Number of protein chains: 2
Amino acid sequence: MTALKPAFPAPGHDHDRCTAEGIEHAERICADRSQNLTPIRRQVLRALLSSHRPLGAYEVIDELARVMPRPAPITVYRALDFLMQNGLVHRIESRNAFLACGREHDDASAVAFLICECCGSVGEIPATAVAQSLSDAARQTGFTPKLSVVEITGVCGHCQST
Amino acid sequence: MTALKPAFPAPGHDHDRCTAEGIEHAERICADRSQNLTPIRRQVLRALLSSHRPLGAYEVIDELARVMPRPAPITVYRALDFLMQNGLVHRIESRNAFLACGREHDDASAVAFLICECCGSVGEIPATAVAQSLSDAARQTGFTPKLSVVEITGVCGHCQST
DNA sequence: CGGAATTCATAAGCTAGCTTACTTTATTCC
DNA sequence: GGAATAAAGTAAGCTAGCTTATGAATTCCG
Ligand SMILES: [Zn+2]
Ligand SMILES: [Zn+2]
Ligand SMILES: [Zn+2]
Ligand SMILES: [Zn+2]
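Thresholds, definitions, all that
Residues numbered from 1 in each chain as written. Chains lettered and ligands numbered in written order. Predicted model: local features only at pLDDT ≥ 70, side-chain atom pairs only at ≥ 80, totals over all residues. Heavy atoms only, no water. Core = buried A, V, L, I, M, F, W, Y, C linked by side-chain atoms within 4.5 Å. Buried < 20%, exposed > 50% of the residue type's maximum accessible area, 1.4 Å probe, protein only. Helix = DSSP H or I, 4+ residues; strand = E, 2+ residues; numbered from the N terminus. Contact = heavy atoms within 4.5 Å. Domains from an automatic or database assignment. Buried area = accessible area lost by both parts, 1.4 Å probe. Salt bridge = Lys/Arg side-chain N within 4 Å of Asp/Glu carboxyl O. Expected span 1.5 Å × (residues − 1). Arc of directions from axis to C-beta. Polar contact = N/O pair within 3.5 Å; in protein donor to acceptor, adjacent residues only side chain to side chain. Donors = N, O, S within 2.8 Å, 3.2 Å for Na, K, Ca; no water. Tetrahedral: all angles 85-135°; square planar, octahedral: opposite > 155°, others 65-115°. UniProt positions renumbered as here; feature names shortened; annotations may be inferred.

Colleague: Before we move on, could you go through the nonpolar core and cite the residues and values that matter?
Modeller: Residues Phe-143 of chain A together with Phe-143 of chain B are the most contacted members of the largest nonpolar core, which totals 32 residues. Every element with two or more residues in this core is listed here: strand E3 (111-116), helix H5 (128-139) and strand E5 (144-155) of chain A together with strand E3 (111-116), helix H5 (128-139) and strand E5 (144-155) of chain B. If we ignore the near neighbours within four places in the chain, the residues touching Phe-143 of chain A are Ala-138 of chain A together with Phe-8, Leu-114, Ile-115, Cys-116, Ile-152, Thr-153, Gly-154, Val-155, Cys-156 and Gly-157 of chain B.

Below, the structure is given as structure tokens:
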């Protein structure tokens, strides 16, 4: 995991920078892996980066439609698959939606998503401790956890002070 | 939380009993709250109790169709709402599916769902410790957790030994 | 040059989840 | 009996998520 970015960026933050960093990050990752960050893939990522909210596939399409001829679903699904495979996008199961991820996690590391039901933002926190106590609890039943979907709804700090 | 039922019932267990107990339980709860467990609501519950797998709404419909004229979606959604309001059914967010719950939780208590990717069964465990470490982690970001969706994919004990 | 692999376009379709709007049928209670 | 509530039936429809199938365009490489 890289630097400790705040899980929930403040309302007035410089979001253009978020976006720029996100793209840069993706470019670096893809270069490292000699993967091809094509224009469409970049656009899809940009769409996801346009907010800190997870977007449904059709929202992505709507977003893209603003700057190019409306793409077919298959097009964005392909791009999303690519981005997920390269750890640049997470899927938020409980929403059937996708979220850009500007961090690097090693494959094994567990994360938890904090979903603000007020502003819709999603923060991402390392969930090592959580995963641990989860494993403990689960293992008592003979269960071997694999992929964890830890998605917590609540209210983020910024929305709270409103 | 009532007795400590095993999170994952063994393959060869007496499932008729699970079902019977589930219905009984529901009857008790509804009586206590003077809620009306109508035939349809009971049938929907029975459908969900027919396995330890969560069922999608349309699977419920299919299930009901075997013993009555195929109900319209709205019908089962209404019943599901009722059952959820009375804590008899959980919604598994990551699957858009519903699971019968034979336990009693106080409203505040957190649970985690263990989803076996092999047999599809879902076990339910109290997640107090998990919730605690989760709260701790989350609160550092100013986030106040409310409703937790903790759904973990993995392999259950029974499937493991296969 | 010619074949293989990648990527994307085009077109169409399916399903599941869920809703809106109205009517009908009990049940209850005065 | 008659109004009021609760539960179901009926009919129709919308959307979002996701897929299949096929063909064109590029690029890579020997
Ligand atoms: Zn930002
Ligand atoms: Zn918020
Ligand atoms: Zn059983
Ligand atoms: Zn299993």
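Here the narrative resumes.
Colleague: Which residues make up the domain arrangement of chain A, and what values go with them?
Modeller: Residue and element names in this part refer to chain A. Each assigned domain of chain A is listed with its residue range as follows: domain 1 (15-100) and domain 2 (111-160). On a C-alpha basis, the centres of domain 1 and domain 2 stand 23 Å from each other. Tallying the contact residues gives 10 residues for domain 1 and 10 residues for domain 2. Summing both sides of the interface, domain 1 and domain 2 together bury roughly 790 Å²; the carbon and sulfur share of this comes to 60%. Of all residues in domain 1, His-90, Ile-92 and Arg-95 give up the largest surface area on contact with domain 2, accounting jointly for 42% of the area buried on that side. Across the contact surface, domain 1 and domain 2 share 0 salt bridges.

Colleague: Now, about helix H1 (residues 15-32) of chain B: what can you tell me, with residues and values included?
Modeller: Residue and element names in this part refer to chain B. Its 18 residues place the ends of H1 26 Å apart at the C-alpha level, agreeing with the 26 Å of an ideal helix rising 1.5 Å per residue. Along H1, the positions that sit buried rather than exposed are His-15, Thr-19, Gly-22, Ile-23, His-25, Ala-26, Ile-29 and Cys-30. Seen end-on, H1 carries its buried residues on one side only, within an arc spanning 160°. Set apart from the buried face of H1 by more than 90 degrees, the exposed residues are Asp-16, Arg-17, Ala-31 and Asp-32. Of the surrounding elements, those touching the buried residues of H1 are helix H2 (39-49) and helix H4 (73-85). Structurally, the start of H1 carries an N-cap: the backbone nitrogen of Asp-16 is 3.3 Å from a side-chain oxygen of Asp-14. Ser-34 sits one or two positions beyond H1 and adopts a positive phi of about 40°.

Colleague: Please set out the coordination of the zinc ion (ligand 2) residue by residue, giving values where relevant.
Modeller: All names here are of chain A. Looking at the zinc ion (ligand 2), one finds its protein donor set to be Cys-116 (SG), Cys-119 (SG), Cys-156 (SG) and Cys-159 (SG), positioned 2.3 to 2.4 Å from the metal centre. Angles of 106 to 118° at the metal separate the 4 donor atoms of the zinc ion (ligand 2), which places the site in the tetrahedral class. Along the chain, the residues donating to the zinc ion (ligand 2) are arranged with the sequence spacing C-x2-C-x36-C-x2-C. Of the two residues, Cys-116 is situated in strand E3 and Cys-156 in the loop between E5 and helix H6 (157-160); the sequence distance between them amounts to 40 residues. Side by side, Cys-116 and Cys-156 carry an identical accessibility label, which is buried.

Colleague: Any details on the UniProt feature "binding site: Zn(2+)" (unreviewed entry) in chain A? Residues and values, ideally.
Modeller: Residues and elements named next belong to chain A. Summarizing the sequence annotation, UniProt attributes the feature "binding site: Zn(2+)" (unreviewed entry) to Cys-116, Cys-119, Cys-156 and Cys-159 in the numbering used throughout. For the residues just named, distributed over 44 residues, the greatest C-alpha separation is only 8.2 Å, placing them together at one site. Relative to the elements of secondary structure, Cys-119 occurs in the loop between E3 and strand E4 (122-126). Accessibility expressed as a relative area gives 34% for Cys-119, which makes it partly exposed. Given the relative accessible area of 1%, Cys-156 is considered buried.

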